[in-house]
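Each chain is listed here by its residues.
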Amino acid sequence: MILSNNIAASMLMLSGLVPLLIFPVAAQAQQYSNSQATPHIDGFNVDEVRRIVPGVELNFGIYGTPGGIATLRIAGATRNLTLVEIEAGQYEGTYTINSRDKIAARSPVTANLRIGNQVTSAVLNESLQVGVGYHANQTISGPMPRIDRFNVDPARDLNGGNDLRFTVFGTPGGKVDLTINGVKGKLFLSEIASGEYSNSYTIRNRDHITPNSPVIANLRVIDRGVERVTSATLGKTLQITSTQNQVQIPVQAARICYNCGTVEAINLIEVKGEGSYLGTIGGGVVGALLGSQVGGGNGRTAAENAGALGGAYAGRNIEGNARKTNHYEVVVRLQNGATQTIPFSSEPGYRVGDKVQINSGVISRN
């Protein structure tokens, strides 16, 4: 009877600790669900080398959302590369090829830009070696993609901080990138409407752009597994002329749908909790009380010690199970090819293939 009363008292003491163990978990789950800004990659380039051999350095550059963590993976490489943000939104890094790498001239390279728990990706669309070209030359019957118009909204001056907005009209369902003479890297244009691609480039202090710097756009469309590319050269100046200053023509900026996409996967994530000193102490108290009911003299002392150790271990495991959490991650494939992962504390209510839009880390049906 005395043993039963002691056990009941011990369990009552331990139950008083349970709220202390669970409340931090709820606070962490609430903190986890806080939304983060959606990152984007506007440009991704490599300085092509003459040979792919051990000891050669591959210099990569990414520009996009500032304040993130930029990494990239080279197919055939033995390690990943983390890039350094040398100025706001400009990330650079160098990978030195070693003897264990199996990197080829056309090895795919994928960049990831993470801000908080939000990640976007981009695939390099050029080769690592000069003159090779990323895609093999294949020819099949069928129409080539077309570029109908290539426009720019010029800047008042070409100093750092000013924007140049480019728009390409042509074959829908493709991908557009452009190069600006005097700018390192490429600018990716998103398809904001059927056959209409647009994006803005913010001029950096390190750029060497002139009013007549050549700008070339490439429109890529995949047809039956074969990529076809059409190029066009901009035929307009990048800086507003005196005549344009006198006659102001209002230009309505096109809205870029960076955040439109399709649900690609829904993953259930289980996070096992860790016991803290509270669970250890609580379990130890219960174990010691149980051990004190066994034997007498030194035997009782040994039983108390063994019960305390076993109870502490059990208490820590009980707390760990109480702190175990489950959440969901919805992976969205954006229209520009990048992916975005959004966490949910409970079943999200979306299915693979749903058309959605992401705003400030929140998914809504599109």
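Position labels on residues start from 1 in each chain and follow its written sequence. Local features are withheld for residues below a pLDDT of 70 in this predicted model, meaning they are given only at 70 or higher, and side-chain atom pairs are given and counted only at 80 or more; totals for whole chains, interfaces and linings count all residues. Hydrogens and water molecules were not included; the side-chain quantities draw on all heavy atoms of the structure.

A. Spotlight on the pattern of salt bridges. By convention in these notes, a salt bridge is any Lys or Arg side-chain nitrogen within 4 Å of a carboxyl oxygen on Asp or Glu. Tallied over the entire structure, the rule returns 9 salt bridges. A salt bridge links Asp148 to Arg146, with the nearest nitrogen and oxygen atoms 3.2 Å apart. For Arg146, a relative accessible area of 45% translates into the label partly exposed. Among the salt bridges present, the one from Arg365 reaches Asp354, with a minimum N-O distance of 2.9 Å. Taken as a pair, Arg365 in strand β19 (residues 362–365) and Asp354 in the loop between β17 (339–344) and β18 (355–359) lie far apart in primary sequence, 11 residues in all. Under the scheme applied here, a residue whose accessible area is under 20% of the maximum for its type counts as buried, over 50% as exposed, and between as partly exposed, the area being computed with a 1.4 Å probe on protein chains only. The class for Arg365 is exposed, based on a relative accessible area of 52%. The way it works is that DSSP assigns letters per residue, a run of H or I at least four long becomes a helix, a run of E at least two long becomes a strand, and they are numbered from the N terminus.

B. Region of interest: the packing of aromatic side chains. Any Phe, Tyr or Trp ring, taking Trp's six-membered ring, that has another such ring centre within 6.5 Å forms a pair; planes under 30 degrees apart are called stacked, those over 60 apart edge-to-face, and the others tilted. Scanning the model with the defined rule gives 2 aromatic pairs in all. Relative to Tyr201, the ring of Tyr63 has its centre 5.8 Å away and its plane inclined at 75°; by these criteria the two rings are edge-to-face. Of the two residues, Tyr63 is situated in strand β2 (residues 57–64) and Tyr201 in strand β12 (residues 196–202); the sequence distance between them amounts to 138 residues. Here Tyr63 and Tyr201 have matching classes, each one buried. With a centroid separation of 6.4 Å and 55° between ring planes, the pair formed by Phe344 and Tyr350 is classed as tilted. Tyr350 sits in the buried class, given a relative accessible area of 12%. Cation over ring: Arg149 sits above Phe169, and NZ or CZ is 4.0 Å from the ring centre. For a lysine, the NZ atom is tested; for an arginine, the CZ atom; a charge sits over a ring if that atom is within 6 Å of the ring centre and within 35 degrees of the ring normal.

C. A look at the sheet that holds strand β5 (residues 90–96). The strand order β1-β2-β5-β4-β3-β6-β7 describes an open sheet built from 7 strands, whose pairing is antiparallel. Of all strands in the sheet, those with a lone pairing partner are β1 (41–46) and β7 (118–123), marking the two edges. This sheet shows a mean twist of 25° between the axes of neighbouring strands, independent of strand direction. At least two bridges found by DSSP between two strands are what make those strands a pair. The pairing of strand β3 (residues 69–74) with strand β6 (residues 109–115) spans 6 bridges and is classified as antiparallel. Opposite Thr71, over in β6, you have Asn112 as the bridge partner. Orientation is described by lines fitted to C-alpha atoms, with helices fitted over the stretch in contact, and by angles between N-to-C directions that extend from 0 to 180 degrees.

So, to be careful, I would describe these as geometric facts and stop short of saying anything about function.
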